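Here are the chains, one letter per residue:
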Amino acid sequence: MHTRRRGSSDSDKPAADEPPEWSDVDEDAIEERVVELAEQGHSPSEIGLKLRDEGVQGTPIPDVSLATGKKVTEILEENEAEPDLPEDLRNLLERAVRLRDHMDENPGDYQNKRALQNTQSKIRRLIDYYRGDEVDEDFTYSYDNAVEALGLE
């Protein structure tokens, strides 16, 4: 979006429509573990990584949606454990706060000034996308609002 490069191609996951035989954990156990990890403060992507690496009851879960038929965010919504902000917006807000703090200490750093401007543009675009559903209608981006939304006060 804010670069002259074309972007790099992602590696594709293998085409599979059912979980592997060695990963035969009950759907309810997976959902319980997802909710438990969310209550510990993990984001949906961190939950997926933990299930892949640590698993449930010692058995790794390579793909939650294949094992349960639902995405991690859908499981969290059903159990009312979803985060207050969408993960992509939260990550951008954290980045903007970090960059702003850096710019306060280093006012001559023009490269990061541009990075902050690009990040703020992405945040405004995402807020428009999420407005009304995931984000309040009257939410507008500012440094103070970002700090408050992240709970960094």
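Nothing here was measured: the structure is a model prediction, and the numbers come from that model.

### Focus: the nonpolar core
Consideration 1: Within the largest apolar cluster, 20 residues are counted, with the highest numbers of intra-cluster contacts made by L89, L93, I123, I127 and Y141.
Consideration 2: Every element with two or more residues in this core is listed here: α5 (87-105), α6 (110-130) and α7 (143-150).
Consideration 3: The element that contributes the greatest number of residues to this core is α5, accounting for seven residues.
Consideration 4: A29, L37, A67 and I75 belong to the second largest nonpolar core, which has 17 residues in total.

### Notes on a positive patch on the surface
Consideration 1: Together, R95, R98, K122 and R125 make up a positively charged patch on the protein surface.
Consideration 2: Put simply, the parts of the chain that give the positive patch at least two residues each are α5 and α6.
Consideration 3: The exposed category is assigned to R98, whose relative accessible area is 54%.

### Points about the side chain of E31
Consideration 1: With respect to the helices and strands, the residue E31 is situated in helix α1 (residues 27-39).
Consideration 2: The exposure class of E31 is buried, given its relative accessible area of 14%.

### Quick word on the pattern of salt bridges
Consideration 1: Tallying each qualifying case throughout the model produces ten salt bridges.
Consideration 2: Among the salt bridges present, the one from K70 reaches E31, with a minimum N-O distance of 2.7 Å. Pair noted here: K70 is in the loop between α3 (64-68) and α4 (72-78) and E31 is in helix α1, with a separation of 39 residues, a long-range link. Accessibility classification places K70 together with E31 in one group, the buried group.
Consideration 3: Between D84 and R90 there is a salt bridge, and its shortest N-O distance comes to 3.4 Å.

### Regarding α7
Consideration 1: For α7, every residue scored as buried is listed here: A146, V147 and L150. Along the axis of α7, the buried positions cluster into a sector of 95 degrees, meaning they face one direction only. Residues of α7 that are exposed and point more than 90 degrees away from the buried face comprise D144 and E148.
Consideration 2: As for α7, its buried residues are in contact with α5.
Consideration 3: A positive backbone phi angle near 75 degrees is found at G151, which sits one or two residues after α7.

About the thresholds
Residues numbered from 1 in each chain as written. Predicted model: local features only at pLDDT ≥ 70, side-chain atom pairs only at ≥ 80, totals over all residues. Heavy atoms only, no water. Core = buried A, V, L, I, M, F, W, Y, C linked by side-chain atoms within 4.5 Å. Buried < 20%, exposed > 50% of the residue type's maximum accessible area, 1.4 Å probe, protein only. Helix = DSSP H or I, 4+ residues; strand = E, 2+ residues; numbered from the N terminus. Patch = residues over 30% accessible without salt bridge, like charges linked within 9 Å, V, L, I, M, F, W, Y side chains within 5 Å. Areas by Shrake-Rupley, 256 points an atom, 1.4 Å probe, with all protein chains shown as cover. Salt bridge = Lys/Arg side-chain N within 4 Å of Asp/Glu carboxyl O. Lys, Arg positive; Asp, Glu negative; His and termini not counted. Charge placed at Lys NZ, Arg CZ, Asp CG, Glu CD. Arc of directions from axis to C-beta. Contact = heavy atoms within 4.5 Å.

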